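Each chain, letter by letter, is given below.
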Amino acid sequence: MDLTRREFLGYTAGAASLTGLATTPKPAAGGPPGPLTQQGRPWYTVYSDPNTYDSESMRGYWSALPDEWRIRPDPRTRLALLIAPYCMSLFPDMVDDLKWALYEEGTTVLMETGAGFAGPGTFREHQHWLRERLDVHIAGRVDLWADLWASSTSARIPYIEFTWPRRTRIRDFSRVVVPADQPGEIIARAGDVPVAFRRKVGKGTLIYLGSPVGPALWAGDVEARRWLYAVALAA
C-alpha cells in the first residue's frame, strides 16, 4: 500500500507565517554564517494555489529561509527568488506573474513538482500544464522506495545527488518525477535517473525539481537547508 508523504514523515508542527520585508538577513539554520546583501532588492516569496498552501513543502521553505528575506506576493515586485512548492498547477494570473519575473526581472524561479503521488489522470494534467504553460517536459515517475518495501536487507535509502549550486546529497521521500530531454542543465540525479534541471528563461533562471526538497527542509535536514541557502545566494 502506498504511503502519503504526510503519513511517512509524520510532521506535526504548524505552518510558519508569511510576513516581513527584505532587510538585514540572518543566516538560515544549516547555512553559512554572515550577512547577505542584495542591493536592497527583496529576496523571495512563495507562490501556491490553495490546494497546496498548507503542504509540508510550503512549510519547509517558510521555515528554512529567514523572515527578513521574505515579502508578500506582488505581481510586479522585483524578486531575487520565487518558489512554487509542491506545485501541480498555478492559477493563470500566477503563471503570468511568474513569466514576468523570469523574462523581465531576471528572477530565479524554483518550481517543485507535487506529482509524485498523483493519480494517473492528475499526473497527465500536470504534465500537460507544464508543457503548455512553461515549456517544461516530464517523462514519467520512478519509485525509488520500491526496493525498500520489497527488501529490508539489500536496498539502500535513496538519496538525490545535487551538483548545483553546491554538491550535496538529500534524502528523497517520494517517487521522483523524471524530466524529459529538453534544453537546460541537469543539476540532480538519483543514481542514473535525472531528477532536476535549470535553464535560462528570458533574463531569469528556471529550476525544476522532480523530487521535493520541502519535506526535507521541514524535517530540519541540514544539507537541504544548505542547498536552498546556496540557491538563494546564486539568485
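Numbering of residues starts from 1 in each chain and follows the order in which that chain's sequence is written. A pLDDT threshold of at least 70 governs which residues receive local features in this predicted model, and a stricter bar of 80 or more applies before side-chain atom pairs are shown or counted, although totals over entire chains, interfaces and linings include all residues. Side-chain figures throughout are based on the complete set of non-hydrogen atoms in the structure, without hydrogens or water.

Peer 1: With reference to specific residues and values, describe the nonpolar core.
Peer 2: Here, the term nonpolar core denotes a set of buried Ala, Val, Leu, Ile, Met, Phe, Trp, Tyr and Cys residues that are joined through side-chain atoms within 4.5 Å. A 1.4 Å probe rolled over the protein chains alone gives each residue an accessible area, and that area as a share of the maximum for its type sets the label: buried under 20%, exposed over 50%, partly exposed in between. In terms of nonpolar packing, the biggest core is built from 35 residues, with Leu110, Leu209, Val213 and Trp227 touching the most fellow members. Numbering of helices and strands runs from the N terminus; a helix is a DSSP stretch of H or I covering at least four residues, while a strand is a stretch of E covering at least two. Here this core takes 5 residues from helix H7 (residues 222-234), the largest share from any one element. The contacts of valine 213, once residues within four sequence positions are left out, are Tyr61, Glu112, Phe162, Ile170, Ala224 and Trp227. Throughout, a contact is declared for two residues whenever any of their heavy atoms are within 4.5 Å.

Peer 1: Tell me about the packing of helix H3 (residues 92-105) against helix H4 (residues 120-134), and please be specific about residues and values.
Peer 2: Interaxial angles span 0 to 180 degrees and are taken between N-to-C directions of axes, which are lines fitted to C-alpha atoms, for helices over the stretch in contact. At a minimum axis separation of 11 Å, H3 and H4 run at an interaxial angle of 50°. With respect to each other, H3 and H4 are oriented oblique. Viewed along their axes, H3 and H4 form a crossing whose handedness is right-handed. Residues Pro92, Val95, Asp96, Leu98 and Lys99 of H3 touch H4, and the partners they reach there are Trp129, Arg133 and Leu134. Lys, Arg, Asp and Glu make up the charged group, whereas Ala, Val, Leu, Ile, Met, Phe, Trp, Tyr, Cys and Pro make up the nonpolar group; the residues left over, Gly among them, are polar. Counted by class, the contact of H3 with H4 contains 5 nonpolar, no polar and 3 charged residues. Angles below 35 degrees are treated as roughly parallel, those above 145 as roughly antiparallel, those between 65 and 115 as roughly perpendicular, and all remaining angles as oblique. For a crossing to be left-handed, the near helix must be turned anticlockwise from the far one by less than a right angle; the clockwise case is right-handed.

Peer 1: Describe the sheet that holds strand E9 (residues 193-201), naming the residues involved and giving the relevant values.
Peer 2: Note: two strands are recorded as paired if DSSP finds a minimum of 2 bridges between them. One open sheet holds the 8 strands; their spatial order is E1-E2-E3-E10-E9-E8-E5-E6, and the pairing between them is mixed. Two strands close off the open sheet at either side, each with one partner strand: strand E1 (44-46) and strand E6 (168-171). Ignoring which end each strand starts from, the neighbouring axes of this sheet average 20° apart. In terms of strand pairing, strand E3 (residues 108-113) meets strand E10 (residues 204-209) through 5 bridges, oriented parallel. Pairing of glutamate 112 across the sheet is with leucine 209, part of E10. In the packing of H7 onto the sheet, contacts are made with strand E2 (81-87), E3, strand E5 (159-162), E6 and E10, and the angle to E6 comes to roughly 125°.

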